[in-house]
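Residue strings, one per chain:
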Amino acid sequence: MTEFTAQDVIRPRWSPALRARAIRRFMLAGLIIMIGTGVAAVCLEIFGRSLSPLWLTVGIVLPSVLAFGALFVVFAITAHALLGRLLKRLAFVLFIGSLAGIVLTAWGASLLFGLVDRIVAARPDPIAQTIFGGELTTDEIVRFFAATPEDPKALEAPPALEFVAYLLWPWQFRLLRDLVLALVILGFVSVTASFAIWWERKVAGRIQSRLGPMRVGGWHGWAQGIADGLKLVQKEDIVPGRADGPVFRLAPYLVFIPVLTAFLALPFSDRWVLRDLEVGLVLVLGLLGIDVIGVILAGWASHNKWSMYGALRVAAQMVSYEIPMGMALLLPVMAAGTLRPGAIGALQSGGFHTWLAFCSPFLFAAAGVYFVASLAACKRAPFDLPEAESELTGGFHTEYSGFRWAVFFFGEYAAMFVVCGLAVLLFLGAWHSPLPASWGESLAGGSWWQRGLYALLFSGPAWFIAKTYALLFVHIWLRWTLPRIRIDQVMYACVQVMLPMTMLLLLGQMFWQLLVPPDGITARAANIVCTLAGAAIVAAFVGTAGWGYLNRRRLVGPLAVNHLPGS
Amino acid sequence: MTGSNRLSIVAAVLVWLARAGPVWARGPRGPGPADWIGIELEAVMFYLLGGLAAVCAVGCVLSSRVVRMALFLFGALGAVAGLYLLLHANFLAAIQLIVYAGGTLVVIIFGIMLSSASAAARYRARPAEKAAGAAVGLLLLAGLVTAVGRIDWSEGIAAAPSAPTVDGLGRALLTTYLVPFELSSVLLLAVMIGAAWLAGSGRK
Amino acid sequence: MGSITLMHYLVLGALLFCCGLLTMVVKRNAVGILIGVELVLNAANVNLVAFGRYRGAGIDGQAAALFVIVLAAAEAAVAIAIFMNFYRHLTTVDVDRGDLLRG
């Protein structure tokens, strides 16, 4: 009688031993058939015998195919075995690679489009570029590269150049460019969202003296966002029986698509912007405003009491907080005198002290008011009543699961990025570093590495993204630090505190601009005081965080660090 | 838009695909796709957005659930915002999104939620009402379209005006339209107080 | 397909207007009637902006449309407040039930 052990029960069907045996046998069979067929073919050739097509097929072609098949199976088994291990080791590399890939794609695209624009501009009769139209021909592209000062009409070009010309030709069409850039933005939003999900969990863990996700991926659970996404995509697709089906299915996309469209007018730098619209700011604000509709409809269509409460709270809260948020945005718009995001960003190139938040005390206060209102507009704690998981079991997304739930979260993190990006654009110097851009003017027009250095040191999309991520961190930090407040307190804070405050600030800024001369002693003093206050806030934050990190063992006792798998 | 025109577009697209671009892109002055298709993006976008607005408007009439009607209204508002963009009224499009879609519509949905006894509450019209309504509506539509079609709109067009800017609109509001502007702010104040009082007056 | 003229916009405006009017006539839910009103106002707006664009009226069309949007928002707020009162008294928003003055 055989005794079964736990090992027998949990032994996987596809054990490593079995796999090795399969690989050996398939490889042996494949090699034998191949060598046999080859020998037979050589013998036939030597003896000068020709075979009929039937025998040729049966004797030579079929065995060859079989041999290749066997070797392919070996390859497939090996690849399958390796892939799992590879994915586990390489998740970090994959993540960083995709982020770098997106940045490189955007950079390459901007260089490529610039090149094509120069070719178009070099034509003797410049043509208007339309979405479908464009009359640049490949010959002209070849001529652009082949032309020399001695012979401007030269057509002698290597064939490789012709190939390059065919590759460059399609990029004269705006539609194609927009398509590529839209894909880049979609990729950026996806990576940001999956990164922010992991980041949020790590920060939450650290704030609560634990580790957070540690398993997936190599280092510190880097791939947790990707793993969560994969898990959500393959979950069952559930629509509650009494829900309003079509509306229920549509709602997540009504949340996500407007936020994604807002990236249309959000500039990452003076050149990295899809459309620098004259009404860009209003458009971004409007698109952020209409994702409320998706949330409300989601709560309504779920046919669930808690979802309904969540939807009602969203309707009340987000519509109210739009007003202080929009009015706080009006202050920098008044100071800049334009609604065009690119122009507002360009104003703040003169270094740390010219950032709009430090230009007057009213703007400094407005930056704070805007940040609080933006927390509420993104439904983030302490204003996360619509989804309050301890009262409403998730609020408007109680009934959602799987892919649609993931779409809600992508929308939320994308909205957080847009809101923080607006704060950076309007108050915190947009894409400029704290150093005055005028210091780097000699670099700005230099060779490619000099321009790269300029982008890294003085003004470039990296600064915009870094500053936005810093504000994103504050959003996460506040969520895990502050308790949720009651709904009546939320409404009180909006209608009776923040609304009058923004109105007073608006009035104050108006009188400031009318009465205080911009070069006078008062304006200078206010600028210095505000700059020092801002610097003090940042320094206090960095100093406290550093002190806390250095004294972490004393502060929280034996930290979870000691329980790391490797220590 | 005539039938033969539509056919020629399809044929042109097919030919374009079949010849795979670069063949005619080689020639120094070969016909570009713009010449072949004769499409203007404006026309394509107008038919897309206008179609969306029309479908949503008809959906508003036909659907019996109020929330669906609000959803259709949302679609129509978005499509009309797109049409404003086509008409070079960028600021108006943004305002349409903020005030109409983000504000008014949310208030309407809020009203629906607070005023329905059950989620699936339906208010059905009687068949006679439906028939009469459809007849009147179609008659009115026919009359309007005939009236619009009778007039030759092409004559007397001024030179295409330069697209008005936000700057110009702001100036106009504070000069030419100063009185209506101030009146509307007074109205908004009255409405704010009135609506708050009305909504709270039933409470003891 | 040809280029888009003023007439295209006017026909679209007429269609939106008729749909809005029909919604107002056919629906018995008060909020539904409000939605019909919004459609009608939108139809008028499309016409205003289109005239401004194609007949050289410049900014006038847009300014008028802006006022229409403001008034529509105000009207919706008051209407919803009235419906709340209506609902509180009759526990329905069926406009046919609002015949208390008929005696």
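Predicted, not measured: the structure shown is a model, and the values here were computed from it.

Trainee: Please clarify how the overall build of chain C should be interpreted in this entry.
Mentor: Each helix and strand counted, chain C has three helices and zero strands in total. Secondary structure of chain C in N-to-C order comes out as α-α-α. The dimensions of chain C, computed from C-alpha atoms along their principal axes, are 55 × 25 × 20 Å. With 103 residues in all, chain C has 56% of them scored as buried. Considering only contacts within chain C whose residues lie at least 6 apart along the sequence, 53% involve residues at least 24 apart. For chain C, the accessible surface area stands at approximately 3,900 Å², while carbon and sulfur atoms represent 67% of it. Separation between the mean location of the 7 positive side-chain charges and that of the 6 negative ones in chain C comes to 4 Å.

Trainee: Which parts of the structure should I look at to understand the side chain of A:Gln509?
Mentor: Along the chain, A:Gln509 turns up in helix H18 (residues 487-515). Aside from chain neighbours lying at most four places away, what touches A:Gln509 is A:Leu331, A:Met334, A:Ala335, A:Ser360, A:Phe362 and A:Leu363.

Trainee: Hey, could you run me through the interface of chain B and chain C in this one?
Mentor: Quite often, the size of an interface is put as the accessible area lost when its parts meet. Contacts between the two partners involve 86 residues from chain B and, on the opposite side, 70 residues from chain C. Of the roughly 7,000 Å² buried where chain B meets chain C, counting both sides, 76% is carbon and sulfur surface. Applying the counting rule to chain B against chain C returns zero salt bridges. For the pair chain B and chain C, the interface holds nine residue pairs in polar contact (both at pLDDT 80 or more). Counting residues per element, the ones that place at least two in the side of chain B that touches chain C are helix H1 (3-19), helix H4 (41-62), helix H5 (66-86), helix H6 (90-115), helix H7 (127-150), helix H8 (166-174) and helix H9 (178-201) of chain B. Tallied by class, the residues present in the side of chain B that touches chain C amount to 60 nonpolar, 18 polar and eight charged.

Trainee: What am I meant to see in the pattern of salt bridges here?
Mentor: Opposite charge on two side chains permits pairing when their charged atoms draw close. In the structure shown here, the tally under the stated rule is five salt bridges over all chains. Put simply, A:Asp488 and A:Arg486 hold a salt bridge, and the shortest N to O gap is 2.9 Å. A relative accessible area of 42% means that A:Asp488 is categorised as partly exposed. With its nearest N and O atoms 3.6 Å apart, the salt bridge here joins B:Asp167 to B:Arg171. With B:Asp167 and B:Arg171 both in helix H8, this residue pair falls four residues apart, about one helical turn. Salt bridges sharing common partners tie together A:Glu200, A:Arg380, A:Glu412 and A:Arg479.

Trainee: What is the right way to look at the packing of helix H10 (residues 305-336) of chain A against helix H12 (residues 361-377) of chain A in this model?
Mentor: Residues and elements named next belong to chain A. Between H10 and H12, whose axes approach to 9 Å, the crossing angle comes to 150°. Of the possible angle classes, the one that applies to H10 and H12 is roughly antiparallel. Considering how the two elements wind past one another, H10 and H12 form a crossing that is left-handed. Facing H10, whose interface residues are Gln317, Met318, Tyr321, Met325, Ala328, Leu329, Leu331, Pro332 and Ala335, H12 presents Phe362, Leu363, Ala366, Val369, Tyr370, Ala373, Ser374, Ala376 and Ala377.

Trainee: Just to check I follow, could you spell out the packing of aromatic side chains for this structure?
Mentor: Think of a pair of aromatic rings as described by two things: how far the centres are apart, and how the planes are tilted against each other in angle. Residue and element names in this part refer to chain A. Under the definition given, this model contains 31 aromatic pairs over all chains. A centroid spacing of 5.7 Å and a plane angle of 80° characterise the contact between phenylalanine 195 and tyrosine 469, whose relative ring orientation is edge-to-face. Within this pair, whereas phenylalanine 195 is found in helix H6 (residues 174-207), its partner tyrosine 469 is found in helix H17 (residues 461-479), the two being separated by 274 residues in sequence. Taken individually, phenylalanine 195 and tyrosine 469 each receive the classification buried, so the pair is uniform in this respect. A ring pair is formed by phenylalanine 473 and tryptophan 477, whose centres lie 6.3 Å apart and whose planes are at 15°; its orientation type is stacked. In this pair, phenylalanine 473 and tryptophan 477 are both assigned in helix H17, four residues apart and thus about one turn of the helix distant.

What counts, and where the lines are drawn
- Residues numbered from 1 in each chain as written.
- Chains lettered and ligands numbered in written order.
- Predicted model: local features only at pLDDT ≥ 70, side-chain atom pairs only at ≥ 80, totals over all residues.
- Heavy atoms only, no water.
- Helix = DSSP H or I, 4+ residues; strand = E, 2+ residues; numbered from the N terminus.
- Buried < 20%, exposed > 50% of the residue type's maximum accessible area, 1.4 Å probe, protein only.
- Contact = heavy atoms within 4.5 Å.
- Areas by Shrake-Rupley, 256 points an atom, 1.4 Å probe, with all protein chains shown as cover.
- Lys, Arg positive; Asp, Glu negative; His and termini not counted.
- Charge placed at Lys NZ, Arg CZ, Asp CG, Glu CD.
- Buried area = accessible area lost by both parts, 1.4 Å probe.
- Salt bridge = Lys/Arg side-chain N within 4 Å of Asp/Glu carboxyl O.
- Polar contact = N/O pair within 3.5 Å; in protein donor to acceptor, adjacent residues only side chain to side chain.
- Nonpolar A, V, L, I, M, F, W, Y, C, P; charged D, E, K, R; others polar.
- Axes fitted to C-alpha atoms, helices over the stretch in contact; angles between N-to-C directions.
- Parallel < 35°, antiparallel > 145°, perpendicular 65-115°, else oblique.
- Left-handed = near helix turned anticlockwise from the far one by under 90°.
- Phe/Tyr/Trp six-rings, centres within 6.5 Å; stacked < 30°, edge-to-face > 60°.

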